Amino acid sequence: MVSLTIDGTEVKAQDGTTILEVARNVPGVGKIPTLCHNDSPALKDLKPARACRVCTVEVVQDGKSSFPLACITKVKDGMVVNANSESVKERRKEIVRKYLERCSKVKVIRDLAEELGLAPPQGELGEEECILCGMCQRACSDPKGIGMEAISLVKQDGVSYYQVDEKKCFGCGDCMMACPLGSITLGETAILPRPKAITVGA
């Protein structure tokens, strides 16, 4: 067991657990937001993706501050974690602001921005439905699951996006459960959001 402090609360935790895992089980500790880390059955055997960076926290260890990701950072004895300090909130705002500028109409992003007190960005906003976190591809490629590898990241006209190989996909739904934005639907195969900047298949 290790002893650490999260948002002023002293806690004991099993060695090897992450800050996020510990924080979620400690009453009174401020919420650590996440996007690419969720409790979907499709992700239970996957390691954290480190993709969205929304779970950034401040860690003070041996008198030095750093800003790691709570989903992958293992707790250490004597560690002090500030999960919701002003500096942490500002970093999260910068991260989410970019998502909001890209996916201005996605409810999950808009709700997260509001939760962080983020003012609506000015200027022309994107209407994409994907933040390129890769969770759909990881769920589809999970070697402990079906492992169909039907989803791949492609690039066309300078725009990156995920697409489905309909010959491999049979609509199991793992990618839909893994998508943090709820942007994937199912027909006979998975239907991934298409980038607005290009006409896919043109």
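Keep in mind the model is a prediction, meaning the values are calculated, not measured.

A word on the nonpolar core
Alright, step 1. Leu35, Val54, Tyr99, Ile109, Ile131, Ile151 and Leu192 are the most contacted members of the largest nonpolar core, which totals 35 residues.
Alright, step 2. Contributions of two or more residues to this core are made by helix H2 (86–102), helix H3 (107–115), helix H4 (135–141), strand S7 (159–164) and helix H5 (174–178).
Alright, step 3. If we ignore the near neighbours within four places in the chain, the residues touching Tyr99 are Leu35, Ala51, Cys52, Val54, Ile109 and Ile131.
Alright, step 4. Counting residues in hydrophobic clusters, the runner-up holds 22 residues, among them Val11, Ala13, Cys55 and Val57.

A short note on the pairing of strand S6 (residues 151–156)
Alright, step 1. Relative to S7, S6 runs antiparallel, the two sharing six bridges. Along S7, the bridge assignment pairs Gln156 with Val159.
Alright, step 2. Taking the residues that link successive antiparallel strands as the turn, the S6-S7 hairpin has two residues, and the phi of Asp157 there is positive, at about 55°.

Focus on the layout of surface pockets
Alright, step 1. The computed volume of the largest pocket comes to approximately 300 Å³.
Alright, step 2. What lines the largest pocket is a set of 17 residues, and nearest its centre among them are Glu21, His37, Leu46, Lys47 and Pro48.
Alright, step 3. Residues that form the lining of the largest pocket fall into these classes: seven nonpolar, three polar and seven charged.
Alright, step 4. Estimated volume of the second largest pocket: approximately 210 Å³.
Alright, step 5. Taken together, twelve residues make up the lining of the second largest pocket; nearest its centre are Gln163, Val164, Glu166, Leu192 and Arg194.
Alright, step 6. Of all the secondary structure elements, the ones that give two or more residues to the lining of the second largest pocket are S7 and strand S9 (190–191).

About the thresholds
- Residues numbered from 1 in each chain as written.
- Predicted model: local features only at pLDDT ≥ 70, side-chain atom pairs only at ≥ 80, totals over all residues.
- Heavy atoms only, no water.
- Core = buried A, V, L, I, M, F, W, Y, C linked by side-chain atoms within 4.5 Å.
- Buried < 20%, exposed > 50% of the residue type's maximum accessible area, 1.4 Å probe, protein only.
- Helix = DSSP H or I, 4+ residues; strand = E, 2+ residues; numbered from the N terminus.
- Contact = heavy atoms within 4.5 Å.
- Pairing = 2+ DSSP bridges.
- 1 Å grid on protein atoms, 1.4 Å probe; cavity = no way out; pocket = protein on both sides within 12 Å on 5 of 7 lines; lining within 4 Å.
- Points joined across faces, edges and corners; volume = space filled by probe spheres on them.
- Nonpolar A, V, L, I, M, F, W, Y, C, P; charged D, E, K, R; others polar.

Note that all results are geometric; they support no functional claim without further evidence.
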